[in-house]
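Summary of the model geometry
If you want the building blocks of each chain, they are given just below.
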Amino acid sequence: MSYIQEVLKKVEDRNRDEHEFLQAVEEVFYSLEPVIEKHPEYKETSVLERIAEPERQIIFRVPWVDDNGVVHVNRGFRVQFNGAIGPYKGGLRFHPSVYVGIIKFLGFEQIFKNSLTGLPIGGGKGGSDFNPKKKSDGEIRRFCESFMTELYRHIGPDVDVPAGDIGVGSREIGYLYGQYRRIRGAFKNGVITGKGLKYGGSLARKEATGYGLLYFVEEMLKANNNSIKGKVIAISGSGNVAIYACEKATELGAKVVAMSDSAGYIYHADGINLDTVKRLKEVERKRIKEYVKEHQGSKYHEGNVWEGKFKYDIALPCSTQNDIDMERAKNIIENGAIAVGEGANMPTSNDAIKFFLKKEILLAPAKAANAGGVATSALEMVQNSMRYSWSFEEVNNKLKDIMINIHKSACEASKEYGLGYNLVAGANIAGFKKVAEAMITQGIY
Ligand SMILES: NC(=O)C1=CN([C@@H]2O[C@H](COP(=O)(O)OP(=O)(O)OC[C@H]3O[C@@H](n4cnc5c(N)ncnc54)[C@H](O)[C@@H]3O)[C@@H](O)[C@H]2O)C=CC1
Ligand SMILES: O=C(O)CCC(=O)C(=O)O
């Protein structure tokens, strides 16, 4: 058994039923094999064992009252995974599928992603198994208030800074921050990011993950003598990441022909009308199928977009984890894709990642490609500390530079370890080394 296999076995034994977490750890650790060989100090200081164990995980009760006066109880989580390079940083997910294995996979990914941004942020993640779908505004507010009534004691601008993720957008962030302020009796707006612009939010944070994804994919294509201009793109999801990925892709001269939600997908050969999607999803909170009522020539299909048979050059999974398994990966290639850019966290299963790499599909891995959101959150923290705000253009330019640098770091790390142009391994290695070195320098923690 190799050293990596031995460590993985220990991680598996300790986290038996946490499948998503084990998948994320396996994906990172296998790509670290050449690094461990070259750096015996990582083995001597058990960095891998340490990095796979959260510094702290908090699980709490979230009781709330619905509009009929009935009391419900959900479970809240915050996993403070690794604080070696900065305060824990990562979003909150409200979705019925949430359990500790989901939050831990997301928190683990966040360690490396945050490191790649080059900014001083550690890895953390949180959320709840609360389902925001079909809840009234009042129910959402009461849930958020209850959630923060426990969470507030574990977070702070220098300790742990949450933000949004699936099911947590600007409305939820507003209620969460309001409750934090009420309890603390202080305006510490650096405690949460993704805030509204009127109380310390950053311009371009809303757009950042989707825009950043496209900046990264453009770099990847450029490095391979290609570009986004003129490409046909399919996107899964129609939430925050998907919408702004679509916007930037269109601005860069591509045509987005498909978007989805958890029930099905729309296909519009003329190109998706993003104004309609924004209204349906951001304002009216309706299903994506409503789109076809307003656009002749578009079609709605039930099921997963990656099972659809239609032509595109680039696939951008922007919905949720394990969206692309082996069968869907094969279908994506049959549909003509030359590149995949991961906007969601861990959207591709480990065997499908290997398959894409074997088929020489250009693969922009999530940790690198969707890091623009958290990077811009870190820029929001900078602005909050300065009590100042930058213009949209200033933030967007910084975001673009960060994404270009992440691509460069992943490229260089891959090359240094003789792996050619493998951004998956390169991102893992570059993200890991910075955190590992900080951990070693700080002793045994
Ligand atoms: N919002 C952000 O800044 C960042 C988000 N991400 C990741 O991007 C992905 C999307 O997040 P957001 O757009 O923020 O969330 P969102 O809540 O705005 O949108 C989520 C989208 O995914 C779809 N979806 C959710 N569960 C699904 C399922 N089981 N099957 C099919 N579709 C499903 C929803 O219908 C919706 O269109 C997640 O993986 C998230 O972790 C990654 C980096 C930053
Ligand atoms: O902006 C943030 O802090 C969180 C972003 C996030 O949750 C992610 O990168 O997956």
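Parameters at a glance
Residues numbered from 1 in each chain as written. Chains lettered and ligands numbered in written order. Predicted model: local features only at pLDDT ≥ 70, side-chain atom pairs only at ≥ 80, totals over all residues. UniProt positions renumbered as here; feature names shortened; annotations may be inferred. Helix = DSSP H or I, 4+ residues; strand = E, 2+ residues; numbered from the N terminus. Contact = placed C-beta atoms within 7 Å. Buried ≥ 20, exposed ≤ 12 C-beta atoms within 10 Å, placed from the backbone. Pairing = 2+ DSSP bridges. Domains from an automatic or database assignment. Nonpolar A, V, L, I, M, F, W, Y, C, P; charged D, E, K, R; others polar. Near = placed C-beta within 6 Å. Axes fitted to C-alpha atoms, helices over the stretch in contact; angles between N-to-C directions.

Looking at an unreviewed UniProt entry, the protein carries the name Glutamate dehydrogenase, with the source organism given as Maledivibacter halophilus. Heading Subunit (unreviewed entry) of the UniProt record for the protein holds this comment: "Homohexamer." Under the UniProt heading Sequence similarities (unreviewed entry), the note attached to the protein is "Belongs to the Glu/Leu/Phe/Val dehydrogenases family."

Our focus in this paragraph is the UniProt feature "binding site: substrate" (unreviewed entry) in the protein. Mapped onto this numbering, the UniProt entry gives "binding site: substrate" (unreviewed entry) at Lys89, Gln110, Lys113, Gly164 and Ser377. With respect to the helices, strands and loops of the structure, Lys89 is situated in strand 3 (residues 88-94). Setting aside residues up to four positions removed in sequence, Lys89 forms contacts with Asn114, Ile121, Gly122, Gly124, Val161, Val374, Ser377 and Ala378. Its location among the elements puts Gly164 in strand 5 (residues 160-164). A residue is classified by how many C-beta atoms lie within 10 Å of it, and Gly164, with 27 of them, is buried. When sequence neighbours within four positions are dropped, the list of residues in contact with Gly164 reads Gly91, Leu92, Gly169, Glu172, Ile173 and Gly194.

Moving on to the pairing of strand 8 (residues 264-267). In this sheet, strand 8 lies alongside strand 7 (residues 255-260) in antiparallel orientation, the contact comprising 3 bridges. Residue pairing across strands places Ala258 opposite Tyr267, the latter belonging to strand 8. The pairing of strand 8 with strand 9 (residues 299-302) spans 4 bridges and is classified as antiparallel. Directly across from Ile266, in strand 9, lies its bridge partner Tyr300.

Turning to the domain arrangement of the protein, a few remarks are in order. Annotation of the protein at the domain level lists domain 1 (57-187) and domain 2 (207-369). Taken over C-alpha atoms, the centre of domain 1 sits 27 Å from the centre of domain 2. Opposite the 8 residues of domain 1 that make contact, domain 2 presents 8 residues. Of the residues assigned to the side of domain 1 that touches domain 2, the class counts are 5 nonpolar, 1 polar and 2 charged.

Bringing the site of ligand 1 into the picture now. In the vicinity of ligand 1 lie 22 residues, with Gly239, Asp261, Ser319, Ala344 and Gly373 positioned nearest. Per element, the largest residue contribution to the shell around ligand 1 is 3 residues, and it comes from helix 10 (residues 240-251). The residue makeup of the shell around ligand 1, split by class, is 5 nonpolar, 15 polar and 2 charged. Of the domains in this structure, domain 1 (57-187) and domain 2 (207-369) are the two that each give at least three residues to the shell around ligand 1.

Spatially, 9-8-7-6-10-11-12 is the arrangement adopted by the 7 strands of the open sheet, whose pairing is mixed. Taken across any chain shown, the strands that pair with only one partner, and hence form the sheet edges, are strand 9 and strand 12 (362-364). Taking the axes of each pair of neighbouring strands and ignoring which way they run, one obtains an average angle of 20° across the sheet.

Moving on, we come to the UniProt feature "binding site: NAD(+)" (unreviewed entry) in the protein. When the UniProt feature table is mapped to this numbering, "binding site: NAD(+)" (unreviewed entry) covers Thr209 and Asn240. Separation in sequence by 32 residues is not matched in space for these annotated residues, since their most distant C-alpha atoms are only 8.1 Å apart. The topology assignment puts Thr209 in helix 9 (residues 205-223). Its location among the elements puts Asn240 in helix 10. What makes Asn240 buried here is the crowd of 26 C-beta atoms within 10 Å.

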